[in-house]
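# An overview of the molecular structure
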Amino acid sequence: MAGSAEELVGLLELEQLEVDLFRGGQARTERQRVFGGQVAAQAVVAATRSVEGEFVLHSLHSYFLRPGDPAVPIVYDVERIRDGRSFATRRVSARQHGRPIYYMTANFQIPEPGLEHQDRMPDVVPPEQGMPLVELVRRRGAGAVEHWEREWSALDVRHVGVTGMGLPDDPDHPAQARLWIRVDGTLADDPTVQAAAFTYASDLTLLGAALVPHGIDIASPRLQPASLDHTIWFHRPFRADEWWLYDQFSPFAGGARGLALARVFSQSGELVATVAQEGLIRLRERREQA
């Protein structure tokens, strides 16, 4: 994973092998599989490099098919599905060892004016008053802190609260979690870098919202978690290296899966993106007894 903003930028610098064919490198990691956010972020870069400069990414829809191997590069094959006057569509296949590990469909639009409305940002403490996520990780022990700092220090994450702990109990919405997040460093102004860096970060905490009512940590040995799919709608341009509020909630969990949604607000209160993810949240002891 990316231990610094510089390392994250390096992961986003894909090698072009042929027209619409790219290769993404790997970071040094102790993980047994590639972080899904990394694959999605590199796929964003590959797709964007196949469209004309006036087109801007406005949505992506993707599936994680197989665990990625962190020991070998990933090849990204871009298919040009549609090139219209206002919209362009790309399909990206990420492959290792001759098999697809991830598929993404990305849609691009030439910006234009239109009708506007948005949800209001919830009242939350500013990022400076949020608890650094590493302090919560510290409860797992010194080894967990070292792992966090080595693998995830590219991101500055501040915990605001979850339902029943920092956020009020809400019977209508029992699974909520709010965080302030930013890339811990200054990124280039390039919109592709900003969008890809946000995509990377968006996969880190989202599934944890589905665990809030159950009192289980995403790192618990009782749990087998995995991202199954990931969708982002980009509403407005924003910077991943400036604070954004990740207002996460889970409307449903069942069948060993959890659905998590999130509204993303800039610090000034603009709704800049919406994210959705379903993931595996299988309890290991039930699996072993089956």
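All of the points below concern the structure found in this document. None of the values given here were measured: they were computed from a predicted structure. (Residues numbered from 1 in each chain as written. Predicted model: local features only at pLDDT ≥ 70, side-chain atom pairs only at ≥ 80, totals over all residues. Heavy atoms only, no water.)

## With respect to the environment of leucine 187
Structurally, leucine 187 is set in the loop between β10 (176–183) and α5 (191–202). It is 24 Å that separates the C-alpha atoms of leucine 187 and methionine 104, two residues lying 83 residues apart in sequence. Beyond its immediate sequence surroundings of up to four residues, leucine 187 is in contact with Val9, Val193, Gln194, Ala197, Arg239, Ala240 and Asp241. (Helix = DSSP H or I, 4+ residues; strand = E, 2+ residues; numbered from the N terminus. Contact = heavy atoms within 4.5 Å.)

## What about the nonpolar core?
Core analysis: the biggest nonpolar cluster contains 70 residues, and Tyr76, Tyr102, Met104, Phe198, Tyr200, Trp244 and Tyr246 have the highest contact counts within it. Here this core takes 8 residues from helix α2 (residues 36–48), the largest share from any one element. (Core = buried A, V, L, I, M, F, W, Y, C linked by side-chain atoms within 4.5 Å. Buried < 20%, exposed > 50% of the residue type's maximum accessible area, 1.4 Å probe, protein only.)

## A word on the packing of aromatic side chains
What characterises a pair of aromatic rings is the spacing of the ring centres plus the angle enclosed by the ring planes. A complete count under the given rule lists 7 aromatic pairs for this structure. Arranged with centres 5.1 Å apart and planes meeting at 45°, the rings of phenylalanine 64 and tyrosine 102 form a pair that is tilted. Separated by 38 residues along the polypeptide, phenylalanine 64 in strand β3 (residues 56–64) and tyrosine 102 in strand β6 (residues 99–109) bring together distant segments of the chain. Exposure class is identical for phenylalanine 64 and tyrosine 102. Each is buried. By way of ring pairs, the aromatic residues Phe198, Phe234, Phe238, Trp244 and Tyr246 are connected into one cluster. (Phe/Tyr/Trp six-rings, centres within 6.5 Å; stacked < 30°, edge-to-face > 60°.)

## Some remarks on the pattern of salt bridges
Applying the stated criterion to the full structure yields 17 salt bridges. Between arginine 178 and aspartate 247 there is a salt bridge, and its shortest N-O distance comes to 2.8 Å. On the criterion of sequence distance, the pair formed by arginine 178 in strand β10 and aspartate 247 in strand β12 (residues 244–254) is long-range, its members being 69 residues apart. The residues arginine 178 and aspartate 247 share a single accessibility class, namely buried. With a shortest N-O distance of 2.6 Å, aspartate 247 and arginine 263 are connected by a salt bridge. With aspartate 247 in strand β12 and arginine 263 in strand β13 (residues 257–266), the pair connects residues that are 16 residues apart, well separated along the chain. Judged by relative accessible area, which is 3%, aspartate 247 ranks as buried. Within the structure, one salt-bridge network assembled from shared partners comprises Asp119, Arg178, Asp247 and Arg263. (Salt bridge = Lys/Arg side-chain N within 4 Å of Asp/Glu carboxyl O.)

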